[in-house]
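Commentary on secondary and tertiary structure
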Amino acid sequence: MYVHVPAMRGKIGSRTYYACLMPMSAVPNLFKFTDWAGFTPEDREQRVLNEKRVPELRDYINENEDDYIFSSITASYKSVPVFDPAPNGNGMDGAIGVLKLRLGDELIINDGQHRCAGIAEALKENPNIGDHTISVLLFPYESKDRVQQMFSDLNRYGQKTSKSLDILYDKRDKISAATLASLEQVPVFRDLTDKDSISLKSKSTKLFTLAALYDANRELLKGREEEDILANAEMLTKYWSVVALNMPDWTSVQSHHKEAGELRAEKIASHSTVLRALGGLGLELMKDDTWQERLAGLQAIDWSKKNPDWENICIVANSVVSNRQARAATKAYVKGKLGMPLTDAELRSINKEPAQITLEDL
């Protein structure tokens, strides 16, 4: 018994291959899912399946049934395919036709095993997507070495997009949408945010990355992730506008009184750790009617990297760190400077025991 799929026959290098369209329902039946965990790295034909990625792909399909998208799957076939060219007249010299694949001859996945696994799981919850089609590139199976080489070639030169670009282009993420809307309303962010790179180069004229601002806004909007985008954007605009008024280092760069690279080299005022700490602080601070007045205390903080207060809070061995502990300690330190009460855990995060801390310390 054969499965018939529309296909185009082509040549790349010295090999004939087929580009075809397959119904999603064929994925669990035609593709070979191998548990590579039981093999040595030398014997695997590709990497071990990461089970944690499968539910994410399943949910991506089922939650966006009308507009999800996938790149082609690449696979190898062991049996000889049967290709029936369409009648002459298509102008492609017999390159367009129907490919017949023998049912039971599984296709070995060279690239796209996580997509295939996600599709298979999505079909269990939503059989309706079985009629959707996905493009597949099929190559002849030659040997294990050749399959390993194909996997290497297909993945070696792939370049993952930066987190900032993902945020910029993702129209489904409400936090992204609120971040982009508010960014345009806060002049210092509008003028000094790099929307492309994940990190700033030494000669960059920017102070922030879109990725860092997004992470800070996720902290600020905890519990409001699914609320109205415009309402969230308004909240972000209100909070960061007041913060910016009390961060003279930011405005000095915006007004061209200081170079961005110079500020980044000397101070931590625009570092992602500080930005995210300020976002988390805002979540607590805006519950109080006096939050705008309290933020004036930011002006009194010494953001210089030479300030010994930052040692073991967010600076370790003369380098600014951005792990969870550093963000928590930075937030606790700023809270103290703004006269906000600290929990025992926050006191410990800045290496102060409750009995030891004094007003002078804060």
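Just above sits the structure.
Residues numbered from 1 in each chain as written. Predicted model: local features only at pLDDT ≥ 70, side-chain atom pairs only at ≥ 80, totals over all residues. Heavy atoms only, no water.

Judged from the six bridges that link them, strand β1 (residues 2-12) and strand β2 (residues 15-23) form a sheet pairing that is antiparallel. Its bridge partner lying in β2, Gly 10 is registered against Tyr 17. In the sheet, β2 pairs with strand β8 (residues 133-140) via six bridges, with the strands oriented antiparallel. Directly across from Tyr 18, in β8, lies its bridge partner Leu 138. (Pairing = 2+ DSSP bridges. Helix = DSSP H or I, 4+ residues; strand = E, 2+ residues; numbered from the N terminus.)

This part takes up the layout of surface pockets. In this structure, the largest pocket occupies an estimated 1200 Å³ of space. Looking at the largest pocket, it is lined by 27 residues, and the ones nearest its centre are Arg 53, Leu 57, Tyr 60, Ile 69 and Phe 70. Tallying contributions element by element places helix α2 (residues 53-63) first for the lining of the largest pocket, with five residues. Classifying every residue of the lining of the largest pocket gives six nonpolar, eleven polar and ten charged. One number sums up the size of the second largest pocket: a volume of about 390 Å³. Along the wall of the second largest pocket there are 23 residues; nearest its centre are Thr 209, Ala 212, Ser 270, His 271 and Ser 272. Contributions of two or more residues to the lining of the second largest pocket are made by β10 (208-209), α8 (210-220) and α12 (272-285). (1 Å grid on protein atoms, 1.4 Å probe; cavity = no way out; pocket = protein on both sides within 12 Å on 5 of 7 lines; lining within 4 Å. Points joined across faces, edges and corners; volume = space filled by probe spheres on them. Nonpolar A, V, L, I, M, F, W, Y, C, P; charged D, E, K, R; others polar.)

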